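# Working through the structure, step by step
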Amino acid sequence: MQSLEKLESNVRSYSRSFPAIFSRARGSIIKTEAGQEAIDFLSGAGALNYGHNNHRIKTALTEYLASDAVIHGLDMVTPAKIEFMETFSSVILRERGLHYRFQFTGPTGANAIEAALKLSRRVTGRQNIISFTHGYHGASLGALAVSGNRFYRAASGAFLFGATFMPYDGYLGPSVDTVGYLRKVLTDESSGIDRPAAILVETVQGEGGINVARKEWLQAVQATAKDIDALFIVDDIQMGCGRTGEFFSFEFAALSPDIVVLSKSLSGYGLPLSMLLIKEEYDAWRPGEHPGTFRGNNFALVSATAAVDIYWRSQTLSQEVLRKGELMRRRLEGIASSHCNNFAVRGRGMVLGFDCRTAEIAESTVRKAFEKGLIIERCGPIDQVIKFLPALTIDPETLTQGIDIFEESLAETLKQAGSVVD
Ligand SMILES: *Cc1c(COP(=O)(O)O)cnc(C)c1O
C-alpha cells in the first residue's frame with residue numbers, strides 16, 4: 001500500500017476511509033485481494049442501486065461487446081441510443097404521464113448540472129440560481145457555485161458566483177416556514193435577491209446529511225418557481241433511479257419539474273452516464289452548444305436499457321424498496337432510542353441517515369464497521385451522519401447483517417468514549 005500511496009495524488013479520498021485492495025464484487029458483497037468480504041452499504045455513493053455486477057444486466061453488456069456494436073460515437077445515432085430513449089420513454093415516462101426530451105451530457109453528474117444551469121439561463125435570460133443550504137450538486141465550478149459545502153467550495157480557489165442560497169426544509173427548525181421566506185424574497189421587488197433563472201433542489205439531500213424535504217414544501221417551491229417564471233430543476237442524481245422507492249424521488253409529491261437531472265445509477269451498472277430530461281418548451285439549445293466527447297456512452301446506454309427493462313416494468317422493486325426501507329428505519333430507530341445520545345434517524349425509501357451529532361462518534365463507528373466487514377460512509381456538514389445506502393436489490397439477511405455490524409460498532413464506540421449506554 002505504501003508504494004501505491006506514492007503513486008496516487010493526495011486528493012484520493014475513499015481509499016483512505018477503506019484501506020484495502022478491492023478486487024471482486026457481486027451484489028452487495030465486495031471482496032478484497034486478501035480474501036476478506038465486506039457488505040457494501042456505500043453502493044458507489046448511489047451509483048450501484050442494482051448492486052455490483054448485476055448478472056441480469058451484465059448479459060446485455062457482454063452480448064453488446066461480443067457483437068462489435070458501436071461503443072463510442074460521440075452523440076451520433078446508434079441502435080443502443082434509440083432503444084434506450086424508446087424504452088425509458090414508454091416504461092418510465094409514459095407510465096407516469098411525464099413528457100420530456102433527452103439531453104445526453106458528459107458522463108459526470110456535475111456536467112449534467114452545468115447543462116441544466118446553462119439551459120435555464122438561456123431560457124430565462126437571467127443569471128441567478130436559487131439553491132439550498134447543505135445542497136450538493138458536483139465539483140465543477142458552476143456546480144460548486146450552487147453547492148453549500150465550504151470545504152469543496154474553498155478547494156476551487158475561484159470566486160463562485162451566480163447563486164443565492166435559501167434555507168432548505170427544516171433548516172431553521174420545525175417551526176420555521178422556509179418556503180414562505182423563499183416566496184417572500186422572490187416576489188418582493190426590493191428584497192435584494194435577483195430573480196432567478198431556476199430553483200434547483202434535491203428532494204432528499206444526500207451529501208448534505210440525508211435531509212428530507214416534505215411533500216408540501218417541495219410543492220410550494222415548485223409553485224414559487226412557476227409564479228416567478230423560473231425553471232424548477234430537481235437534481236435526482238443520487239435520489240433517483242428507485243432510491244426512495246419510486247423511480248423518481250419526486251413522484252410522491254406529484255411534482256412536474258421543468259428539468260430533471262439523472263446520473264449515478266442511471267446506467268444500472270456503475271458505468272458513467274448522465275442526462276437531462278427537459279420539458280419540450282424549454283429545449284432552447286442551439287445545436288452543439290453543450291459539447292462533450294463522452295455524451296451518451298453507448299455501453300452505458302445498453303445497461304441502462306436493461307435496468308429499466310428488468311426492474312421497472314412491474315411494481316416489484318418499488319415495493320421491495322419500501323418494505324426493506326421500513327425494516328431499516330425500524331432497526332435504526334430502535335438503535336437510536338436504545339442510547340441516550342440524542343441520535344436522529346432520517347430518510348426515505350432505502351436511503352437512511354443516522355445522525356450521530358458529532359463527527360467523532362460517526363468516524364469511529366464507520367472505522368470499526370469496516371474492520372468488521374461493513375463499508376458505509378459519512379455525510380453532512382461535519383461528516384456527522386452515517387449514510388445507509390445499500391443496493392436496492394440486497395437480500396434481507398445481508399441487510400440485517402450489515403445493520404448488526406453497525407449496531408455493534410456504534411455500541412463499542414460509545415463504550416470507549418465513556419458515553420452512557422443503556
Ligand atoms: C454525486 C452527485 C452529484 C455530482 O455527480 P458527479 O458524477 O460526482 O459529478 C450531483 N448532485 C448530486 C445530488 C449528487 O449526489
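Residues numbered from 1 in each chain as written. Predicted model: local features only at pLDDT ≥ 70, side-chain atom pairs only at ≥ 80, totals over all residues. Heavy atoms only, no water.

A separate point is the site of the ligand. Neighbouring residues of the ligand: T108, G109, A110, Y136, H137, G138, E202, D235, I237, Q238 and K264. Between the ligand and G109, the relevant distance is 2.8 Å, taken from an oxygen atom to a main-chain nitrogen or oxygen of the residue. In this structure, Y136 approaches the ligand through a main-chain N or O atom, which is 3.3 Å from a nitrogen atom. Within the shell around the ligand, the residues separate by chemical class into 3 nonpolar, 5 polar and 3 charged. (Near = heavy atom within 4 Å. Polar contact = N/O pair within 3.5 Å; in protein donor to acceptor, adjacent residues only side chain to side chain. Nonpolar A, V, L, I, M, F, W, Y, C, P; charged D, E, K, R; others polar.)

Attention now goes to the side chain of D236. Of note, D236 is situated in the loop between β10 (231-235) and β11 (259-262). An unpaired buried charge is present at D236: no salt bridge exists, and R348, the closest side chain of opposite charge, is 6.9 Å distant. (Helix = DSSP H or I, 4+ residues; strand = E, 2+ residues; numbered from the N terminus. Buried < 20%, exposed > 50% of the residue type's maximum accessible area, 1.4 Å probe, protein only. Lys, Arg positive; Asp, Glu negative; His and termini not counted. Salt bridge = Lys/Arg side-chain N within 4 Å of Asp/Glu carboxyl O.)

Turning next to the packing of helix α5 (residues 79-93) against helix α11 (residues 298-311). The N-to-C vectors of α5 and α11 enclose an angle of 30°; their axes lie 9 Å apart at closest approach. The pairing of α5 with α11 is recorded here as roughly parallel in orientation. α11 is crossed by α5, and the crossing has left-handed handedness. Note on element contacts: α11 touches α5 through N298, L301, V302, A304, T305, V308 and D309, opposite A80, K81, E83, F84, T87, F88, V91 and I92. Its residues assigned to classes, the contact of α5 with α11 comprises 9 nonpolar, 3 polar and 3 charged. (Axes fitted to C-alpha atoms, helices over the stretch in contact; angles between N-to-C directions. Parallel < 35°, antiparallel > 145°, perpendicular 65-115°, else oblique. Left-handed = near helix turned anticlockwise from the far one by under 90°. Contact = heavy atoms within 4.5 Å.)

The subject of this paragraph is the packing of aromatic side chains. As enumerated under the stated definition, the model contains 23 aromatic pairs in all. A ring pair is formed by F354 and F406, whose centres lie 5.0 Å apart and whose planes are at 70°; its orientation type is edge-to-face. Pair noted here: F354 is in strand β14 (residues 351-355) and F406 is in helix α14 (residues 396-417), with a separation of 52 residues, a long-range link. Judged by its relative accessible area of 0%, F354 falls in the buried class. Overall, the relative accessible area of 1% leaves F406 in the buried class. Aromatic ring contacts, followed pair by pair, group F84, F88, F102, F104, F247, F248, F250 and W312 into a single cluster. Over the ring of Y311 we find R56; its NZ or CZ atom is 5.2 Å from the centre of that ring. The aromatic ring of F252 is capped on one face by R348, whose charged end is 3.7 Å from the ring centroid. (Phe/Tyr/Trp six-rings, centres within 6.5 Å; stacked < 30°, edge-to-face > 60°. Lys NZ or Arg CZ within 6 Å of the ring centre and 35° of its normal.)

We now examine helix α10 (residues 215-227). With 13 residues, α10 extends 18 Å from end C-alpha to end C-alpha; this agrees with the ideal 18 Å at 1.5 Å per step. The inward-facing, buried residues of α10 contact β5 (128-132), α9 (178-187), β7 (196-201) and β10. Positioned one or two residues after α10, D229 has a phi angle of 55°, which is positive. (Expected span 1.5 Å × (residues − 1).)

Spatially, the 4 strands line up as an open sheet ordered β1-β2-β3-β15, and their pairing is mixed. Of all the strands in the sheet, the pair left with one neighbour each is β1 (22-26) and β15 (374-375). (Pairing = 2+ DSSP bridges.)

The tally for this structure, following the rule as stated, stands at 23 salt bridges. With its nearest N and O atoms 3.7 Å apart, the salt bridge here joins E37 to K31. The partner of K372 in a salt bridge is E412, with the nearest N and O atoms 2.8 Å apart. Here K372, found in the loop between α13 (359-371) and β15, pairs with E412, found in helix α14; they are 40 residues apart in sequence, far enough to count as distant. E412 gets classed as partly exposed once you look at its relative accessible area, which sits at 32%. Look at the salt bridges and you will find they share partners, linking R101, E280 and D283 into a network.

Pairing within the open sheet is antiparallel, and its 4 strands lie in the order β13-β14-β17-β16. Single-partner strands in this sheet number two, and they are β13 (344-348) and β16 (377-379). Each strand of the sheet is rotated relative to its neighbour by a mean of 30°, with strand direction disregarded. Sheet analysis places β13 next to β14, joined by 5 bridges and oriented antiparallel. Its bridge partner being in β14, A344 is matched across the sheet by D355. Packed on one face of the sheet, helix α12 (residues 316-337) meets β13, β14 and β17 (385-388) and runs near 5° to β14.

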